Amino acid sequence: MIKLAEEIREALAAGGPVVALETTLVAHGFPAPEGIEVAVESERRVRAAGAIPATIGVLDGVVRVGLDEDELARFGPEATKCGPRDLAAAAVQGAVGATTVGGTLAVARKAGIRFMGTGGLGGVHRGFPDPPDVSADLGELARTQVLVVSAGVKSLLDVPATAEVLETLGVPVLGFRTDELPLFYAARGGPAVSARVETPAEAAAVARAHWELGGAGLLLGRPPDESLDDLEPLIEEALAEARDRGVHGQEVTPFVLAFLHDRSGGRTVRVNKDLIAANAGLAGEVAAAL
Ligand code: PSU
Ligand code: MN
C-alpha cells in the first residue's frame, strides 16, 4: 500500500536527512503546469541543502513516497485532493491523489520521515463556526513527529484563531529569525511565535528536544523574502466570490488561491512559488543539521 523509493528507504535506514513534500500545491495551488515546476524546484532546493526529497502522492493504487519527474507530471488539476481521510479511498479507487500537508504528514508518520516543507499551513477558515471548517493539517501536525517549514498560516484563513488552536494542540510555533508567525504572502503582522530560532541547527535542536520530551509536530515559520502587504482587500473579494458561488469544503483554498493568482497581476504566483522553494530548502538545512 505504501511504497518508498529506494533512495529514500536507504536514507531513512541510515538515519539520513529526508524531507517530505506535498502534491496538493502542485496540482491545485498554481495554474498548470506551474505547480510541476514548483515541485521540481523544491526537490532541487532540498538536495542543494544536503537532504533527500520525498514527494508524496497516491498513484495507481499505491501511496508513493518519492516520485520521478514523469510521475510528478501526473499531478495536474484533475487530481483528487487528499487529506488524511482521503488516502485509503484514493488508493483503492485508483485515483491520482494529491496529498495536502495533513495527508502528507499521515504518510510521513508511517514512513518515519521527520521533516517537511510547504507553502502555508492550513488552519481555521474564516467565519467559523458557520461552517466549522478547520484544516486537517492541524490534527495531523498535533500527532506526527515532524517539523513542518511553512510561511506560517495562509492568510486567507483566520490566522489568530489558527494560532490559538496550535497552542491548544501543543504544537510549538517557531519563528525563523522572526518573532511573528509569517502571514504567507506577508512577512510581518502575524501573531507571536512561541519561540524564535536563529539557525537551522537551533531549529533542529529544539525539534529533537521536543521529540525526546514526547512531543509531536512543530511548525517553523519562515517569512517570505518578498512581502505583499496590500492583499487583504483582494482576499476579502475572493472569499466573498467563493461564498456567492457556493464554493465550500476542500474547494475553498484552491479557489481563493486561483482568484488571487489571477487578480494580483501575477504577484501572488511569484511570491508563492519563491516561498515554497525557500521553505523546502530550509527544511533540507534543518534535516541535514539534525
Ligand atoms: N501551500 C501553498 N499552496 C497550497 C497549500 C499550501 O502554497 O495549495 C495547500 C496544502 O496542501 C494545505 C492545503 O494542506 O492547502 C490546505 O487546504 P485546506 O484548507 O482545504 O485544508
Ligand atoms: Mn476544510
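Refer to the structure presented above.
Counting restarts for each chain, with residues numbered from 1 along the sequence as it is written. A letter from A marks each chain and a number from 1 marks each ligand, given out in the order of writing. With the structure being a predicted model, the display of local features is reserved for residues of pLDDT at least 70 and the display and counting of side-chain atom pairs for 80 or more, all residues being used for whole-chain, interface and lining totals. Working from all heavy atoms in the structure, the side-chain values ignore hydrogens and water.

Draft legend 1. The pairing of strand β2 (residues 18-21), seen in detail. Along β2, one buried face is formed by Val18 and Ala20 and the opposite face, lined by Val19 and Leu21, is buried too. Any two strands between which DSSP finds at least two bridges are classified as paired. Secondary structure is summarised from DSSP: a helix means a run of H or I of at least four residues, a strand means a run of E of at least two, and numbering begins at the N terminus for each. Summarising the sheet, β2 and strand β3 (residues 52-59) pair through four bridges and their orientation is parallel. The residue of β3 that forms the bridge with Val18 is Ile52. Buried means the residue's accessible area, taken with a 1.4 Å probe over protein chains only, is under 20% of the maximum for its type, while exposed means over 50%, and partly exposed covers the values in between.

Draft legend 2. Layout of the site of ligand 1. Nearness of a residue to a molecule or strand requires only that one of the residue's heavy atoms be within 4 Å of it. Surrounding ligand 1, one finds 19 residues, the nearest of these being Glu22, Lys81, Ser135, Asp137 and Asn272. Whenever a nitrogen or oxygen atom comes within 3.5 Å of another N or O atom, the pair is scored as a polar contact, on the condition that within protein one atom can donate a hydrogen and the other can accept it, and that pairs from neighbouring residues in sequence are kept only if both atoms are in side chains. His125 is positioned such that a nitrogen or oxygen atom in its side chain is 2.9 Å from an oxygen atom of ligand 1. Within the side chain of Asp137, one N or O atom sits 2.7 Å away from an oxygen atom of ligand 1. The Shrake-Rupley method, run with a 1.4 Å probe sphere, supplies the accessible areas, and residue values consider only the shown protein chains as cover. Relative to its unbound accessible surface of 480 Å², ligand 1 loses 95% to contact with the protein. Listed by contribution, the elements that provide at least two residues to the shell around ligand 1 are α2 (24-28), α11 (252-263) and α12 (267-289). Here the residues of the shell around ligand 1 are counted per class, giving five nonpolar, 10 polar and four charged. All amino acids are sorted into three groups, where Ala, Val, Leu, Ile, Met, Phe, Trp, Tyr, Cys and Pro are nonpolar, Asp, Glu, Lys and Arg are charged, and the leftover types, Gly among them, are polar.

Draft legend 3. Up close: the nonpolar core. In these notes, a set of buried Ala, Val, Leu, Ile, Met, Phe, Trp, Tyr and Cys residues joined through side-chain atoms within 4.5 Å is what counts as a nonpolar core. Counting 73 residues, the largest nonpolar core has Ile113, Leu141, Leu166, Tyr185, Leu219 and Val256 as the members making the most contacts within it. Here a residue-residue contact requires only that any non-hydrogen atoms of the pair lie within 4.5 Å. Not counting the four nearest positions on each side in its chain, Leu141 is found in contact with Leu105, Leu121, Val146, Val148, Leu166, Val171, Ala216, Gly217, Leu218 and Leu219. Judged by nonpolar contacts, the second largest core, of 21 residues, contains Val19, Leu21, Trp211 and Ala283.

Draft legend 4. Fine view of helix α9 (residues 200-212). Under the convention used throughout, the expected extent of a helix is 1.5 Å for every residue step, that is, one less than its residue count. Between its first and last C-alpha, α9 extends 18 Å over 13 residues, near the 18 Å set by a 1.5 Å rise per residue. Regarding α9, the residues found buried are Pro200, Ala203, Ala204, Ala207, His210 and Trp211. Seen from one end, α9 has its buried residues packed into an arc of 125 degrees, which puts them on one side. Contact partners of the buried residues in α9: β7 (115-117), β8 (147-150), β9 (173-176), β10 (195-197), β11 (218-221) and α12. Taken from the helix axis, the directions to the C-beta atoms give the arc we talk about.

Draft legend 5. Summary view of the pattern of salt bridges. Here, a salt bridge means any side-chain nitrogen of Lys or Arg that lies within 4 Å of a carboxyl oxygen of Asp or Glu. Taken as a whole and assessed by the stated rule, the structure comprises 20 salt bridges. The partner of Glu34 in a salt bridge is Lys273, and the shortest N-O contact between them spans 2.8 Å. Here Glu34, found in helix α3 (residues 34-48), pairs with Lys273, found in helix α12; they are 239 residues apart in sequence, far enough to count as distant. A residue is classified by how much of its surface remains accessible, and Glu34, at 22% relative accessible area, is partly exposed. The closest approach of N and O atoms between Glu41 and Arg45, which form a salt bridge, is 3.3 Å.

Draft legend 6. Representation of the side chain of His210 in the model. Considering the arrangement of structural elements, one finds His210 in helix α9. Judged by its relative accessible area of 15%, His210 falls in the buried class. Excluding residues that lie within four positions of it along the chain, His210 makes contacts with Gly170, Pro172, Gly215, Ala216, Gly217 and Leu218.

Draft legend 7. The arrangement of the pairing of β9 in detail. The alternating pattern of β9 places Val173 and Gly175 on one face and Leu174 and Phe176 on the opposite face, and all of these are buried. Pairing between β9 and β11: three bridges, direction parallel. Note that in β11 the partner of Leu174 across the bridge is Leu220. Of the strand pairs in this sheet, β9 and β10 are connected by three bridges, and their pairing is parallel. Bridge assignment links Gly175 to a residue of β10, and that residue is Arg196.

Draft legend 8. A look at the environment of Val63. Of note, Val63 is situated in strand β4 (residues 62-65). Residues Val63 and Ala90, 27 residues apart in the sequence, show an inter-C-alpha distance of 8.9 Å. With near-sequence residues (within four places) excluded, Val63 lies in contact with Met1, Ile2, Lys3, Gly57, Val58 and Val107.

Draft legend 9. Looking closely at the packing of helix α6 (residues 101-111) against helix α7 (residues 136-143). Relative to each other, α6 and α7 sit at 25 degrees, their axes nearing to 7 Å. What the angle tells us is that α6 and α7 run roughly parallel. The interaxial crossing formed by α6 with α7 has left-handed handedness. Where α6 abuts α7, its residues Val101, Gly102, Leu105, Ala106 and Arg109 lie against Ala136, Asp137, Glu140, Leu141 and Arg143. Axis lines are fitted to C-alpha atoms, over the contacting stretch for helices. Their N-to-C directions set the angle, which ranges from 0 to 180 degrees. With respect to orientation, any angle under 35 degrees is reported as roughly parallel, any angle over 145 as roughly antiparallel, any angle of 65 to 115 as roughly perpendicular, and every other angle as oblique. It is the rotation of the near helix from the far one that decides the hand of a crossing: anticlockwise by less than a right angle makes it left-handed, clockwise makes it right-handed.

Treat this as a map of the structure, not an account of what it does.
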